[in-house]
Amino acid sequence: MKTRHRAIATLGLAAVLGALTVACEGGEGGNYTSEAPSEQAPMKVSPEAASLPETQSDAENAPATKFAPQAQPSPGSNSLNRQVPEESNRETYSTIPENPFLKTSSNPLSTFSIDVDAASYSNVRRFINENRLPPPNAVRVEELINYFTYDYPQPQADKPFSITTEVAEAPWNSKHKLVHIGLQGKSISTENLPPSNLVFLLDVSGSMSDANKLPLLKEAFRLLVDQLRDEDKVSIVVYAGAAGTVLPPTPGNQKDTILAAIDKLEAGGSTAGGQGIKLAYKLAQDNFIESGNNRVILATDGDFNVGISSDEQLVNLIEEKREQDIFLTVLGFGTGNLQDAKMEKIANKGNGNYAYIDNILEANKVLVNEIGGTLLTIAKDVKIQVGFNPEKVQGYRLIGYENRRLQNEAFQDDKKDAGELGAGHSVTALYEIIPVGVKSDVSLSDVDIVDSQQKTDESMTFSGNELMQVKLRYKQPDQDTSQLITAPVGDKGLTLAQASNNFKFSASVAEFGMVLRESQYKGNGNLDHVLQLASQSQGADLDGYRAEFIRLVKRAKSL
C-alpha cells in the first residue's frame with residue numbers, strides 16, 4: 001500500500017508540473033471565468049428520509065469582508081493586479097489588520113495560540129493558478145509558512161513536541177533580525193494510531209454541484225476511506241434542506257459499503273449546516289471510543305443558509321460541542337462563494353484544523369500523507385508566550401497569527417481555548433526584532449491593542465546574549481491542566497547566508513505573504529528576492545512542495 005501511495009504522489013506531482021507549465025505558457029494574465037453551476041439534480045439519498053432524528057480570539061472576532069473588488073496599495077508601493085470577477089464576490093474573508101511593531105519597554109510580553117491550519121496557502125495557490133492574485137485578507141502569512149514541513153528534531157522522552165529556535169539577519173531589512181521558533185509534533189505511524197470514530201459531515205446542498213465541490217469531495221473521501229483499518233468506524237451525515245444519516249457506524253474493513261454511500265450522493269437544495277453539525281456530534285458522542293480518536297470531519301463550501309447560519313451562532317454551537325472531547329476537521333471546497341471566514345472560525349473554536357482542498361493532490365496531502373496530523377491531536381490548547389529582553393530588543397513584531405493573538409494573562413488560564421497540534425505536524429512562528437541601538441525606519445507602538453494592560457513578568461530574568469525566553473503551555477488531549485516548557489533564545493550573530501535552510505525557506509514564504517498583502521512592513525521584500533531565497537533553501541524536498549512554491553512565485557510574478 002505504501003508503494004502505491006508513493007506512486008500516486010509521484011504521478012500527482014507530475015500532473016501539477018504539467019498543469020503549471022501549461023498555465024505559464026498559455027492563458028492570459030488577469031483573466032478569470034467561473035463556470036456556471038450545472039443543473040442541480042436531486043439527492044439520490046435523501047437526508048429527510050434518514051433514520052436517525054435530529055437532536056438538539058480575542059483578535060479573531062474581526063468582521064468578515066466580502067471579496068474586495070480591488071486592494072488598497074500600501075503607501076509608496078506598486079499596486080498588484082487584483083481584479084475580481086463579479087461572480088466571485090460572494091467569497092468572504094475575515095479582516096486581518098497586520099500586527100504592528102511594539103516597543104519592548106511598554107510591551108515586554110507577546111502571547112498567541114498556535115495555528116496548524118494551512119488552508120490559506122492552497123487557497124492562494126488556487127487564485128494564482130486562476131491567473132490572478134488573492135485579496136490581501138485571504139493571505140494569512142502563518143498558514144503559508146505552516147503549509148511546509150521543516151527539518152526539526154523529533155521530541156524526546158514523553159514530550160509531545162520539540163522546540164527549535166534560530167536567530168539571523170532579516171532578509172527584507174538588514175538592520176533587523178528575524179527569530180525563528182519551530183515546534184515538531186511526535187510522528188506516529190498509521191498502524192499505531194488509536195482507533196478512530198469518524199463522522200463524515202458532508203454538504204450536499206445545491207451550492208456544492210460544481211466539479212471542484214461535491215465531485216472533488218467524493219474523490220477526496222475515497223482516499224481517506226482507503227486508509228481506514230478494521231478497528232476504525234465511520235458514520236456519514238449529509239445536509240441540504242435538512243440533515244440526515246446516510247451511513248450508520250460502519251467498521252473500517254467494510255470499505256465497499258462506505259464507498260457505496262459516498263458514491264450515491266448528489267447535490268441539491270438549501271444548506272442546513274447547523275442542523276447537520278448537531279446530528280454529526282450526536283453520532284460521534286453515541287459511538288464515543290475511550291482513548292480513541294473521536295472526530296467530526298466537515299466538508300463544505302461554508303455557505304450555510306438555513307437555520308443556524310451566522311458566524312456567531314455556529315461558533316457558539318461548536319464551542320458547546322467541543323466540551324465532549326470530540327475534535328473537528330474542516331475541509332473547504334470550491335470557488336466563487338467560499339465562506340473562508342466562517343470555516344476558519346468554527347475550526348478554531350472546535351478544537352480542530354482547517355484545510356482548503358483545491359485539487360486531488362491536496363486531498364492526498366491532507367488525508368493520506370498527513371493523516372496522523374489531520375486526524376489525531378497529540379496536544380491541545382497550545383499557547384506560546386515570548387518575553388523580550390529590553391536590554392537587547394527595542395521593538396518586535398509577530399509575523400502573522402493576527403487572529404490567534406491572546407491577552408498575556410490568558411497564557412496561564414487553562415480555561416482559555418487555544419490551538420491543537422496533530423501527530424507529525426510542525427508549527428513555525430517568526431518574530432522580526434529591532435536590536436537596541438539600531439536606528440530603524442519603522443515606528444514602534446507603545447500600546448498593544450490586544451493587551452493594553454501589559455505587565456512585566458517579574459520571574460523572567462535574562463543572561464548573556466539572550467534576546468528572549470519562549471514559554472509554551474499545552475494539555476494532553478484528555479486532560480484539563482496544562483504543562484509548561486521554557487526555552488531561552490540567544491543571538492549567535494548569524495548572517496542570512498549562515499542561516500539554516502529551515503530559517504531561509506520559512507523567511508522566503510513569509511516575505512511572499514507580505515508582498516502579496518502589500519504589507520507596510522515588507523521593507524525591501526519583492527518576488528525576485530523571494531525566488532532567490534527559496535531556491536537557495538529548497539533542500540531535499542522529497543514531496544516536491546517547495547519546488548511547487550518556487551513555481552508559484554514565478555507564476556505570481558507574471559500576473
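Cut-offs applied
- Residues numbered from 1 in each chain as written.
- Predicted model: local features only at pLDDT ≥ 70, side-chain atom pairs only at ≥ 80, totals over all residues.
- Heavy atoms only, no water.
- Helix = DSSP H or I, 4+ residues; strand = E, 2+ residues; numbered from the N terminus.
- Areas by Shrake-Rupley, 256 points an atom, 1.4 Å probe, with all protein chains shown as cover.
- Pairing = 2+ DSSP bridges.
- Axes fitted to C-alpha atoms, helices over the stretch in contact; angles between N-to-C directions.
- Buried < 20%, exposed > 50% of the residue type's maximum accessible area, 1.4 Å probe, protein only.
- Contact = heavy atoms within 4.5 Å.
- Core = buried A, V, L, I, M, F, W, Y, C linked by side-chain atoms within 4.5 Å.
- pLDDT = per-residue confidence, 0-100.
- Parallel < 35°, antiparallel > 145°, perpendicular 65-115°, else oblique.
- Left-handed = near helix turned anticlockwise from the far one by under 90°.
- Nonpolar A, V, L, I, M, F, W, Y, C, P; charged D, E, K, R; others polar.
- Polar contact = N/O pair within 3.5 Å; in protein donor to acceptor, adjacent residues only side chain to side chain.
- Salt bridge = Lys/Arg side-chain N within 4 Å of Asp/Glu carboxyl O.

Each helix and strand counted, the protein chain has 13 helices and 18 strands in total. Element-wise, carbon and sulfur atoms account for 48% of the exposed surface of the protein chain, whose accessible area totals about 21700 Å².

Attention now moves to the sheet that holds strand 8 (residues 233–239). If you walk across this open sheet you meet the 6 strands as 9-8-7-10-11-12, and the pairing is mixed. In this open sheet, the two strands that pair with only one neighbour each are strand 9 (243–251) and strand 12 (352–357). Mean inter-strand twist for the sheet, computed between neighbouring axes without regard to direction, equals 15°. Looking at chain direction, strand 7 (residues 196–203) and strand 10 (residues 293–300) are connected through 7 bridges and run parallel. Residue Leu198 lies in a different strand from strand 10, and its bridge partner there is Arg295.

Another aspect to go through is the pairing of strand 10. When you tally the buried positions in strand 10, you get 8 out of 8 residues, the bulk of the element. Across the two faces of strand 10 the burial is the same, with Asn293, Arg295, Ile297 and Ala299 and Asn294, Val296, Leu298 and Thr300 all buried.

We now examine the sheet that holds strand 16 (residues 426–435). Strand order across the open sheet formed by 5 strands is 3-14-16-6-5, with antiparallel pairing between neighbours. The outermost strands of the open sheet, each flanked by one partner alone, are strand 3 (102–103) and strand 5 (161–170). Sheet topology note: the strand 3/strand 14 (residues 393–399) ladder contains 2 bridges and is antiparallel. Across the sheet, Lys103 pairs through a bridge with Gly395, a residue of strand 14. Together, strand 5, strand 6 (173–185), strand 14 and strand 16 form the strand contacts of helix 11 (residues 501–516), whose direction differs from that of strand 6 by roughly 110°.

In this structure, Phe148, Leu178, Phe512 and Phe549 are the most contacted members of the largest nonpolar core, which totals 41 residues. Of all the elements, helix 11 adds the most residues to this core, at 9 residues. In this view, Phe549 contacts Tyr121, Phe148, Phe505, Ser508, Val509, Phe512, Val530 and Ala534; residues no more than four positions away in its chain are not counted. Leu265, Ile297, Leu331 and Ile357 belong to the second largest nonpolar core, which has 37 residues in total.

Moving on: the pairing of strand 4 (residues 109–113). By the criterion of burial, strand 4 is predominantly enclosed, with 5 of the 5 residues buried. Note: strand 4 against strand 13 (residues 377–388), 5 bridges, orientation antiparallel. Following the sheet pairing, Leu109 is matched in strand 13 by Gly387.

Taken residue by residue, the protein chain gives an average pLDDT of 85. The fraction at 70 or more is 82%. Low pLDDT, under 50, characterises residues 1–58; the predicted model gives this stretch 91 contacts beyond four residues in sequence or across chains. Every residue in residues 67–78 scores below 50 in pLDDT, and together they form 24 contacts with partners more than four places removed in sequence or on other chains.

Working note: a packed helix pair is described by the angle between its axes plus the distance between those axes. Running from N to C, helix 11 and helix 12 (residues 527–536) cross one another at 160°; their axes reach a closest spacing of 8 Å. If you check the angle between helix 11 and helix 12, you find them roughly antiparallel. Where helix 11 crosses over helix 12, the two elements pack in a sense that is left-handed. Contact with helix 11, carried on its side by Asn501, Lys504, Phe505, Ala507, Ser508, Glu511, Phe512 and Val515, involves Leu527, His529, Val530, Leu533, Ala534 and Gln536 of helix 12 and no other residues of that element. For the contact of helix 11 with helix 12, the class distribution of residues is 8 nonpolar, 4 polar and 2 charged.

Along the polypeptide, Ser120 turns up in helix 2 (residues 119–129). Of the polar contacts made by the side chain of Ser120, one reaches the backbone oxygen of Ala138; its length is 2.7 Å. Excluding its chain neighbours within four sequence positions, the residues that come into contact with Ser120 are Ala138, Val139, Arg140, Glu143 and Leu144.

The tally for this structure, following the rule as stated, stands at 28 salt bridges. Between Arg404 and Asp117 there is a salt bridge whose closest N-O contact spans 3.5 Å. Residue Arg404 is found in the loop between strand 14 and strand 15 (419–422), and its partner Asp117 is found in the loop between strand 4 and helix 2; the two are separated by 287 residues along the sequence. Accessibility assignment for this pair places Arg404 and Asp117 in one class, buried. The network of salt bridges with shared partners includes Glu91, Arg126, Glu130 and Arg132.

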